[in-house]
Amino acid sequence: MTAPSTDAIAHELYGLLPSEFTAARNAAAKSLEPADRAVVMAFPRPSAAAWVVNLLVRQRPDQIDQVLELGEQLREAQKGLDRDALAELTRQRRQLVGVLARNGAALAEVAGKPVSDAVVDEVAQTLQAGMSDADAAAAVRSGVLVRSLEAVGLSVDLEGAVAGSPIPRAAAAPVDELEAKRARKRAEEEERRAEAQRAIEEAESAHEKAERVVADAIRARDAIAERVDDAARELKALKAELAAADKALKAAASARNAAADAADAARRGTR
């Protein structure tokens with residue numbers, strides 16, 4: 001039976017809880033040839049932050065890819081001196097890194113090894129370092145990170161950062177490929193701006209339409225209010241006429257009653 005490679009052993013060991021690491025490493029090394037045994041025995045126990053990042057690589061690979069791809073976009077925006085894209089991508093970086101670091105802390109707690117806020121900050125720092133440099137991104141993706149990473153300017157010290165075989169250096173993209181990529185980015189940005197402009201124009205058109213509807217409603221309301229005022233004035237006049245008619249009716253009724261009394265008196269006088 002072929003013994004597993006030291007890289008395969010490293011990948012298995014760095015997926016374990018830190019408390020399980022040393023015993024598992026020593027057990028794995030026993031069955032190896034002396035040269036490989038020495039390599040495996042040299043694997044150091046990962047720091048808490050490195051363990052959380054390795055945990056994220058195994059359990060949240062899509063989120064790791066999203067963060068590191070955003071880092072690639074940031075580097076391209078920096079090369080192209082695209083300030084608008086840089087501002088938006090930087091905002092996204094802060095948001096994604098914060099969310100992913102907290103997700104790592106949640107995974108650590110589920111695994112039975114809660115980590116401190118300081119470790120969560122180191123995880124965020126390591127993710128940001130992975131975003132700033134292609135080789136650091138490869139180290140983060142390896143899943144065998146030994147220690148946290150830190151970006152100093154645009155460079156990241158990767159000496160002793162990963163276990164097993166060295167992470168292959170990212171090859172520089174050909175000039176034509178870089179220019180084509182930048183052209184695609186510019187085209188995408190122009191399309192985003194065009195979409196934003198169309199959205200603004202649609203919103204302004206909708207606002208103008210709403211303003212017209214409001215103006216029509218105001219005119220209709222004013223017309224109704226004027227009719228109400230006219231009706232109120234007419235009602236007031238009718239009430240005055242009704243009062244006068246009531247007064248006239250009362251006077252007529254009194255006169256009628258007086259005449260009836262006089263007629264009765266006259267009839268009594270002729271008897």
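Residues numbered from 1 in each chain as written. Predicted model: local features only at pLDDT ≥ 70, side-chain atom pairs only at ≥ 80, totals over all residues. Heavy atoms only, no water.

### A short note on the overall build of the chain
Cut-off, in case you're wondering: Each helix is a run of H or I in the DSSP string that is no shorter than four residues. Each strand is a run of E no shorter than two, and both are numbered from the N terminus. Throughout, exposure labels follow a simple rule: accessible area from a 1.4 Å probe, protein chains only, divided by the maximum for the residue type, with under 20% read as buried, over 50% as exposed, and the rest as partly exposed. Any two residues whose heavy atoms approach within 4.5 Å are treated as being in contact. Areas reported as accessible are Shrake-Rupley estimates using a 1.4 Å probe. Residue values count occlusion only from the protein chains shown.
Summing up its helical and strand segments, the chain has nine helices and two strands in all. Along its sequence from the N terminus, the chain presents helices and strands in the succession α-α-α-α-α-α-α-α-β-β-α. Expressed as a percentage of its 271 residues, the buried residues of the chain come to 26%. Sequence-distant contacts in the chain: of pairs separated by 6 or more residues, those separated by 24 or more amount to 62%. Split by element, the accessible area of the chain, about 17600 Å² in all, is 55% carbon and sulfur.

### Considering the nonpolar core
Let me state the cut-off plainly: By convention a nonpolar core is built from buried Ala, Val, Leu, Ile, Met, Phe, Trp, Tyr and Cys residues, the set being connected through side-chain atoms within 4.5 Å.
Counting 51 residues, the largest nonpolar core has Tyr 14, Phe 43, Val 123 and Leu 149 as the members making the most contacts within it. Those elements giving two or more residues to this core turn out to be helix H1 (6-13), helix H2 (18-30), helix H4 (48-59), helix H5 (61-79), helix H6 (83-110), helix H7 (117-132) and helix H8 (134-142). Once residues within four sequence positions are removed from consideration, Tyr 14 is found in contact with Phe 21, Phe 43, Pro 44, Pro 46, Asn 54, Arg 58, Gly 143, Val 144, Leu 145, Val 146 and Ala 163.

### Overview of H5
This is how the line gets drawn: Take the residue count of a helix, subtract one, and multiply by 1.5 Å to get its expected span.
Counted at 1.5 Å a residue, the expected span for H5 with its 19 residues is 27 Å, and the 27 Å between its end C-alpha atoms agrees. Restricting attention to buried positions, one finds in H5 the residues Ile 64, Val 67, Leu 68, Leu 70, Gly 71, Leu 74, Arg 75, Glu 76 and Ala 77.

### Section: the packing of H5 against H7
Threshold: In this analysis an axis means a line fitted to C-alpha atoms, helices contributing only their contacting stretch, and an angle means the value between N-to-C directions, from 0 to 180 degrees. The labels follow the angle: roughly parallel below 35 degrees, roughly antiparallel above 145, roughly perpendicular from 65 to 115, and oblique for the rest. In this scheme, a crossing is called left-handed if the near helix is turned counterclockwise away from the far one by less than a right angle; it is called right-handed if the turn is clockwise. Gly falls in the polar group here, along with every residue not listed as nonpolar (Ala, Val, Leu, Ile, Met, Phe, Trp, Tyr, Cys, Pro) or charged (Asp, Glu, Lys, Arg).
Where H5 meets H7, the axes come as close as 7 Å, and the angle between the chain directions of the two elements is 45 degrees. By the angle between their axes, H5 is oblique relative to H7. Regarding H5 and H7, the two cross each other, and that crossing is right-handed. Only Leu 127, Gly 130, Met 131 and Ser 132 of H7 make contact with H5, whose side of the interface consists of Ile 64, Val 67, Leu 68, Leu 70, Gly 71, Glu 72, Leu 74 and Arg 75. Across the contact of H5 with H7, the residue classes break down as seven nonpolar, three polar and two charged.

### As for the pattern of salt bridges
Quick reminder of the rule: Whenever a carboxyl oxygen of Asp or Glu lies within 4 Å of a side-chain nitrogen of Lys or Arg, that contact is scored as a salt bridge.
Following the criterion strictly, the structure yields six salt bridges and no others. The closest approach of N and O atoms between Asp 65 and Arg 141, which form a salt bridge, is 3.1 Å. Of the two residues, Asp 65 sits in helix H5 while Arg 141 sits in helix H8, which places them 76 residues apart along the sequence. In this structure Asp 65 comes out as partly exposed when scored by relative accessible area, which is 28%. Residues Arg 233 and Asp 230 are paired through a salt bridge, measuring 2.1 Å at the closest nitrogen-oxygen approach.

### What about a negative patch on the surface?
We apply this condition: The residues that make up patches have over 30% relative accessible area and no salt bridge, and they are joined within 9 Å when like-charged or within 5 Å when they are Val, Leu, Ile, Met, Phe, Trp or Tyr. In this count, Lys and Arg are taken as positive residues and Asp and Glu as negative ones, while His and the chain termini are left out. Positions of charges follow a simple convention, taking NZ of Lys, CZ of Arg, CG of Asp or CD of Glu.
There is a patch of like negative charges on the surface, built from Glu 201, Glu 202, Glu 204, Glu 208 and Glu 211. Here Glu 204 lies in helix H9 (residues 175-269). Take Glu 204: its relative accessible area is 46%, and that puts it in the partly exposed class.

### Topic: the packing of aromatic side chains
The description of an aromatic ring pair rests on the distance of the ring centres and on the angle between the ring planes. As a reminder, the rule being used: Aromatic contacts are taken between Phe, Tyr and Trp rings whose centres are within 6.5 Å, Trp giving its six-membered ring; a plane angle under 30 degrees counts as stacked, one over 60 as edge-to-face, and the others as tilted.
Enumeration over the complete set of coordinates arrives at two aromatic pairs. Ring geometry for Tyr 14 against Phe 21: centres 5.0 Å apart, planes inclined by 55 degrees, an arrangement best described as tilted. A single burial state applies to Tyr 14 and to Phe 21, both of which are buried. A network of ring pairs unites the aromatic residues Tyr 14, Phe 21 and Phe 43 as a single cluster.

### A look at the packing of H1 against helix H3 (residues 34-41)
Running from N to C, H1 and H3 cross one another at 30 degrees; their axes reach a closest spacing of 10 Å. The angle between H1 and H3 falls in the class roughly parallel. Along this stretch, H1 crosses H3, giving a crossing that reads as right-handed. Two secondary-structure elements touch here, H1 through Thr 6, Ile 9 and Leu 13 and H3 through Asp 36, Val 39 and Val 40. For the contact of H1 with H3, a count of residues per class yields four nonpolar, one polar and one charged.

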